[in-house]
Amino acid sequence: MDTTKNLEEIFQSKIDHEIKIEPKDWMPDAYRKTLIRQISQHAHSEIVGMLPEGNWITRTPSLRRKVALLAKIQDEAGHGLYLYSAAETLGITRDQLLDELHTGKAKYSSIFNYPALTWADMGSVGWLVDGAAIMNQVMLCRTSYGPYARAMVRICKEESFHHRQGFEILLTLSQGTEAQKKMCQESINRWWKPALMMFGPPDEQSSNTEMSMKWKIKRETNDELRQRFVDVAAEQVKFLNMTLPDVVWNESTGHYDFGALDWDHFWNVVKGNGPCNKQRLDARIKAHENGAWVREAALAFAEKQKIRQQSQVKTA
Ligand code: FAQ
């Protein structure tokens, strides 16, 4: 008979040998809890993340831009669904997950509590927000929990398209009129620091990193990924002839230095006091309530199908 200690050893050994943990495998409660927390936060972020861009669907500058933006937003909904499904394999229901979001118990990414004020913001969201998301999510394609890792492979492919469409919006503006160039720079300035905060608090304030690295849920720390993102974005911005605020090359480290981030502000946004937290949550709750009839109809249809199949089996 396996004792808990043995089970823990087998579990850690699988992780150390890069064998994926699957839903029916034994896992420590804390691993399960951490995954539910992270995957659900991630799923909520994808769904809430549709809102700032959804606000621009009726105001795109051309039909081509509208089609691309619509496709991107629909992709984000799909990402939310893959991730909710991955979380459900850990023994929590979709209703519980959504309830935690709607009651404010569950977190979602701080970035989606900022307003999208100009068309250039659709570019900045794609380039900087999806860019930061990809930097973090590439490592998650190799995360130790099978259903999460597999969902991330597909998500990353789609996020790459989002990243490029955002950069292309900014590239067009950066080659436009003086007013368009100004709009482009002003948007980059507003999104830059919030995008850097997406990677989470500095390593010394990150309560989960140590265990998540041991379990290979995370494979790099918040600060490592943040620095890599800065180094990549600092090169990309040159193609736009724009600048990143407070970013300077450091010859001695071989990296770009970036200005101090206001972590008190970050925690305040995470706690619900950002510029758009209330608006975002209200919009999600309203969408959920308005969709009740669809869920009821789908369930009734499934029930009817089941009864029909059962009666066919009986008469056969
Ligand atoms: N916002 O100990 P750590 C996207 C919380 S998807 C809010 O370092 P961890 C696609 C954290 O939960 C963007 N809260 O935490 C898209 C923890 O709280 P707790 C989302 C944050 O988990 C693009 C506490 O702080 N991506 O953008 C944030 O080890 C465009 C301590 O932090 C993911 O969710 C934050 N930024 O590392 C969609 C990726 N950062 O629960 C639409 C998956 C930290 O202990 C449009 N998640 N917190 O009370 C992860 O990789 C990790 O969860 C981190 C945080 C790296 C975000």
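Remember, predicted model here, so these are calculated numbers, not experimental data. (Residues numbered from 1 in each chain as written. Predicted model: local features only at pLDDT ≥ 70, side-chain atom pairs only at ≥ 80, totals over all residues. Heavy atoms only, no water.)

Enquirer: Explanation requested: empty space enclosed by the protein in the structure shown.
Expert: Vacant regions in the atomic arrangement are exposed by a probe of water-molecule size rolled over the atoms. Tallying each qualifying case throughout the model produces one cavity of 30 Å³ or more. Volume-wise, the largest cavity comes out at about 40 Å³. Among the residues making up the lining of the largest cavity, the classes are represented as two nonpolar, one polar and five charged. (1 Å grid on protein atoms, 1.4 Å probe; cavity = no way out; pocket = protein on both sides within 12 Å on 5 of 7 lines; lining within 4 Å. Points joined across faces, edges and corners; volume = space filled by probe spheres on them. Nonpolar A, V, L, I, M, F, W, Y, C, P; charged D, E, K, R; others polar.)

Enquirer: Can you help me understand the packing of helix α12 (residues 277-290) against helix α13 (residues 292-315) in this one?
Expert: Describing two packed helices takes the angle between their axes plus the distance from one axis to the other. At a closest axis distance of 4 Å, the pairing of α12 and α13 adopts a crossing angle of 40 degrees. Between α12 and α13, the angle is such that the two are oblique. Taken together, the residues of α13 that come into contact with α12 (itself represented by His288, Glu289 and Asn290) are Ala292, Trp293 and Arg295. A class-by-class count of the residues in the contact of α12 with α13 yields two nonpolar, two polar and two charged. (Axes fitted to C-alpha atoms, helices over the stretch in contact; angles between N-to-C directions. Helix = DSSP H or I, 4+ residues; strand = E, 2+ residues; numbered from the N terminus. Parallel < 35°, antiparallel > 145°, perpendicular 65-115°, else oblique. Contact = heavy atoms within 4.5 Å.)

Enquirer: Explain the side chain of Asp231 here, please?
Expert: Relative to the helices and strands, Asp231 resides in helix α10 (residues 222-236). No salt bridge is formed by the buried Asp231. Its closest oppositely charged neighbour is Arg228, at 7.3 Å. With near-sequence residues (within four places) excluded, Asp231 lies in contact with His255 and Tyr256. (Buried < 20%, exposed > 50% of the residue type's maximum accessible area, 1.4 Å probe, protein only. Lys, Arg positive; Asp, Glu negative; His and termini not counted. Salt bridge = Lys/Arg side-chain N within 4 Å of Asp/Glu carboxyl O.)

Enquirer: Before we go on, may I ask you to explain the site of the ligand in this structure?
Expert: The environment of the ligand is formed by 36 residues, the closest being Gln41, Lys107, Ser206, Lys218 and Asn222. Between an oxygen atom of the ligand and a side-chain N or O atom of Gln41, the distance comes to 2.6 Å. Between the ligand and Asn208, the relevant distance is 2.9 Å, taken from an oxygen atom to a main-chain nitrogen or oxygen of the residue. Calculation on the ligand without its partners gives an accessible area of 1,100 Å², and the protein chains cover 93% of this total. In a pocket analysis with a 2 Å cut-off to the grid points, the ligand is assigned to the largest pocket. Elements supplying a minimum of two residues to the shell around the ligand: α2 (29-48), α4 (63-88), α6 (120-140), α7 (146-174) and α11 (263-273). Of the residues in the shell around the ligand, the class split is 13 nonpolar, 14 polar and nine charged. (Near = heavy atom within 4 Å. Polar contact = N/O pair within 3.5 Å; in protein donor to acceptor, adjacent residues only side chain to side chain. Areas by Shrake-Rupley, 256 points an atom, 1.4 Å probe, with all protein chains shown as cover. Sits in = over half its atoms within 2 Å of the grid points.)

Enquirer: Would you mind going over unusual backbone geometry with me for this structure?
Expert: Among all residues except glycine, the phi angle is most often negative; among peptide bonds, the trans geometry is most common. A positive phi angle, near 55 degrees, is found at Lys216, a position not held by glycine. Along the chain, Lys216 falls in the loop between α9 (209-214) and α10. The backbone phi angle of Asn241 is positive, close to 55 degrees, even though this residue is not glycine. Among the structural elements, Asn241 can be located in the loop between α10 and β1 (247-250). Look at Asn241 and you get exposed, because its relative accessible area is 70%.

Enquirer: Hey, could you run me through the pattern of salt bridges in this one?
Expert: Two side chains bearing opposite charge may form a pair once their charged atoms approach each other closely. Counting across every chain of the model gives 21 salt bridges. Residue Glu18 is joined to Arg219 by a salt bridge in which the shortest nitrogen-to-oxygen separation is 2.7 Å. With a gap of 201 residues between them, Glu18 in the loop between α1 (4-16) and α2 and Arg219 in the loop between α9 and α10 connect regions that are remote in the sequence. A residue is classified by how much of its surface remains accessible, and Arg219, at 18% relative accessible area, is buried. One salt bridge connects Glu100 with Lys105, and the closest N-O pair in it is separated by 3.4 Å.

Enquirer: How should I be thinking about the packing of aromatic side chains in this particular structure?
Expert: The geometry of an aromatic ring pair is captured by two quantities: the separation of the ring centres and the angle between the planes. A full pass over the atoms with the stated rule returns ten aromatic pairs. Joined through ring pairs, the aromatic side chains of Phe11, Trp26, Tyr31 and Trp215 make up one cluster. One Lys or Arg, Arg59, reaches over the ring of Trp56 and ends 3.9 Å from the middle of that ring. (Phe/Tyr/Trp six-rings, centres within 6.5 Å; stacked < 30°, edge-to-face > 60°. Lys NZ or Arg CZ within 6 Å of the ring centre and 35° of its normal.)

Interpretation note: all reported values are geometric properties and have no functional meaning in isolation.
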